[in-house]
Amino acid sequence: MKIIEYFTQTKKTYVSFEVLPPLKGGSMQKIFDTLDPLMEFKPPFIDVTYHREEYIYKRRPSGYYEKTAIRKRPGTVGICASIMHRYDVEAVPHLICGGFTKEDTENALIDLNFLGIQNVLALRGDARKFDGRFIPEEGGHEYAIDLVKQIKEINSGKYLDHYIVDGAKTDFCIGVAGYPEKHFESPNYDLDLIHLKSKIDAGGDYIVSQMFFDNKKYLAFFEKCREIGIDVPIIPGIKPITRPSQLKSLPRLFYINLPLELITELNKYIDDKKAFKQIGIEWCIQQSKELKAAGAPCIHYYTMGDTQTIKQICEAVV
Ligand code: FAD
């Protein structure tokens, strides 16, 4: 079933979860261990992130460094199929432009379609460490909008191989990313929203937001989207702060701001791990309740493997 169909059927606020593929050498059981305790909250869908190859530099005996590409978390297609098989829930693979030629993307879409996976989140992906800026694959896409357009093409039966006439039409429901605090590369907030609208006009069916900790910023983003004619469901994505190190790592990695009130409260318990975590959980519960009251169709939790914390939050919210 397409994700957006859930939101037209009922006005309730769902919860959904995002999981990371296990590190190479790990097993599918790791994902099941994360998800088993969360399925009682009846998520309509589970997202699976995609992680492209990274470069590492190995020092050789000569003293020179050897540049090697490694994939720490391979694949999402099999993981999505396993999730759907075990839980009878929609699994949403994240598809990225980085590292993919258009042919690679087409082949991935064909596999997803064969497996009955109908929903995808279309993303550009970040720059690789050491690249400094996002470099598209030769013969690949530069922006998420180009990926959305390719998915729409295959939905209408048009494949890259022009000898295919009357190709089978797929029916992918396409999610795209939105940034309540602006995408970090965008020189201007409104321009970023214009690009977001272009992704929707090109065929995006719904938006999932980057994490945020200040609901006021999200609600302003939501209003602005509606003002400029973005009328698709917008799903807020959130996570709790659970460790002192995240006070610095989350802003650094995700280019987001933390509200002063939250930082002040967390700082009071900086040496008390349990109390610190509890403040982060309560903040996330409060955020969830407000978003629910504001009519969010779904609250998407970035689990980051911390099942028990997300479970505790859902128990207070659902
Ligand atoms: P785009 O929509 O292409 O936007 C990228 C930048 O380009 C923005 O600044 C935008 O304003 C600008 N832009 C867009 N179109 C144009 C244009 N035509 N001309 C000029 N500028 C333009 N990354 C992963 O690697 N794997 C994941 O699994 C993953 N999951 C994510 C899930 C969510 C919900 C979110 C919010 C992000 C996720 N990311 C993931 C990170 C994402 O890939 C990065 O934030 C990336 O830098 C941007 O992706 P995008 O799809 O928003 O890109």
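Keep in mind it's a predicted model, so treat the numbers as computed, not measured.

Participant: Would you mind going over the overall build of the chain in detail, with residue names and values included?
Facilitator: When you go through the chain residue by residue, the secondary structure sums to 11 helices and 11 strands. Taking 20 Å as the expected radius of gyration for a compact globule of 318 residues, we find that the chain reaches 20 Å, a close match to that expectation. Taken along its principal axes, the extent of the C-alpha atoms in the chain is 65 × 65 × 45 Å. Within the chain, the fraction of its 318 residues that count as buried is 49%. Across the chain, every contact between residues at least 6 apart in sequence was considered, and the portion connecting residues at least 24 apart equals 76%. Looking at the chain as shown, the accessible area adds up to about 16000 Å², and 52% of this sits on carbon and sulfur atoms. Side chains of the chain give 42 positive and 43 negative charges; the mean places of these two sets differ by 5 Å.

Participant: Can you break down the side chain of D205 residue by residue, with the values?
Facilitator: If you trace the backbone, D205 turns up in the loop between α6 (189–201) and β8 (206–209). Apart from residues no more than four positions distant in its own chain, D205 is found in contact with I4, F172, C173, I174, V232 and P233.

Participant: I'd like a description of the pattern of salt bridges, backed by residues and values.
Facilitator: Within the structure shown, the criterion is met by 12 salt bridges. For D201, the salt bridge identified is with K197, shortest N-O distance 2.9 Å. With D201 and K197 both in helix α6 and four residues apart, this pair spans about one turn of that helix. Given a relative accessible area of 22%, K197 falls into the partly exposed group. For K311, the salt bridge identified is with E315, shortest N-O distance 3.5 Å. You can see K311 and its partner E315 sitting in helix α11 (residues 307–317), four residues apart, about one turn around the helix. Assessed through its relative accessible area of 17%, K311 is described here as buried. In this structure, a network of salt bridges that share partners links the residues R52, E53, R128 and D131.

Participant: Before we move on, can you summarise the site of the ligand with the specific residues and values?
Facilitator: In the vicinity of the ligand lie 23 residues, with D126, Y179, H183, D192 and K199 positioned nearest. Within the backbone of R124, one N or O atom sits 2.9 Å away from an oxygen atom of the ligand. Within the side chain of H195, an N or O atom sits 3.2 Å from an oxygen atom of the ligand. Counting residues per element, the ones that place at least two in the shell around the ligand are β5 (90–96), β6 (119–123), α6 and β8. A total of three residues in the shell around the ligand trace back to one element, the largest contributor, which is α6.

Participant: How would you summarise the pairing of strand β4 (residues 65–70) if you had to cite specific residues and measurements?
Facilitator: Here strand β3 (residues 54–59) pairs with β4 via six bridges, running antiparallel. Paired with R59 across the two strands is Y65, which belongs to β4. Hairpin remark: β3 followed by β4, antiparallel, with five residues in the connecting loop; positive phi at G63, about 100°.

Participant: Provide a residue-level description of helix α2 (residues 28–35), including the pertinent values.
Facilitator: All buried positions along α2 are accounted for by I31, F32, T34 and L35. Taken end-on, α2 shows its buried residues confined to a sector of 160°, consistent with a single buried face.

Participant: Could you give me a rundown of the packing of aromatic side chains, with the residues and numbers involved?
Facilitator: Summed over all chains, the structure comprises 10 aromatic pairs. Between the aromatic rings of Y6 and Y14, the centroid separation amounts to 5.7 Å while the plane-to-plane angle is 80°, which identifies the pairing as edge-to-face. Judged by its relative accessible area of 17%, Y6 falls in the buried class. Seen in terms of ring centroids, Y218 and F222 are 6.4 Å apart; in terms of plane orientation they differ by 40°. Their pairing is tilted. Of this pair, Y218 and F222 both sit in helix α7 (residues 215–227), four residues apart, which is roughly one turn of that helix. Put simply, the rings of F212, Y218, F221 and F222 pair up and form one aromatic cluster. The positively charged end of K67 is found above the aromatic ring belonging to Y55, 4.0 Å away from the centroid. A cation sits over an aromatic face here: R86 above F32, 4.0 Å from the ring centre.

Participant: Before we move on, could you go through the environment of R60 and cite the residues and values that matter?
Facilitator: Locating R60 in the fold gives a position in the loop between β3 and β4. For R60, a relative accessible area of 43% gives the class partly exposed. Note: C-alpha distance between R60 and H195 (135 residues apart in sequence) is 45 Å.

Participant: For a nonpolar patch on the surface, give the residues involved together with the corresponding values.
Facilitator: A contiguous nonpolar patch, built from Y57, Y65 and F130 and spanning about 380 Å² of accessible area, is present on the exposed surface. For Y65, the location among the structural elements is in strand β4.

Participant: Can you tell me about the sheet that holds β6, naming the residues and giving the values?
Facilitator: Pairing in this open sheet of nine strands is parallel, and the strands run β9-β8-β7-β6-β5-β2-β1-β11-β10 from one edge to the other. What marks the edges here is a single partner per strand, and that holds for β9 (234–235) and β10 (237–238). Bridge count between strand β7 (residues 173–178) and β8: four bridges; the pairing is parallel. For V176, the partnering residue across the bridge sits in β8 and is I207. On the sheet, helix α5 (residues 144–155) packs against β5, β6 and β7 and is oriented at approximately 150° with respect to β6.

Rules used in this analysis
- Residues numbered from 1 in each chain as written.
- Predicted model: local features only at pLDDT ≥ 70, side-chain atom pairs only at ≥ 80, totals over all residues.
- Heavy atoms only, no water.
- Helix = DSSP H or I, 4+ residues; strand = E, 2+ residues; numbered from the N terminus.
- Rg over C-alpha atoms; globule rule 2.2 N^0.38 Å.
- Buried < 20%, exposed > 50% of the residue type's maximum accessible area, 1.4 Å probe, protein only.
- Contact = heavy atoms within 4.5 Å.
- Areas by Shrake-Rupley, 256 points an atom, 1.4 Å probe, with all protein chains shown as cover.
- Lys, Arg positive; Asp, Glu negative; His and termini not counted.
- Charge placed at Lys NZ, Arg CZ, Asp CG, Glu CD.
- Salt bridge = Lys/Arg side-chain N within 4 Å of Asp/Glu carboxyl O.
- Near = heavy atom within 4 Å.
- Polar contact = N/O pair within 3.5 Å; in protein donor to acceptor, adjacent residues only side chain to side chain.
- Pairing = 2+ DSSP bridges.
- Arc of directions from axis to C-beta.
- Phe/Tyr/Trp six-rings, centres within 6.5 Å; stacked < 30°, edge-to-face > 60°.
- Lys NZ or Arg CZ within 6 Å of the ring centre and 35° of its normal.
- Patch = residues over 30% accessible without salt bridge, like charges linked within 9 Å, V, L, I, M, F, W, Y side chains within 5 Å.
- Axes fitted to C-alpha atoms, helices over the stretch in contact; angles between N-to-C directions.

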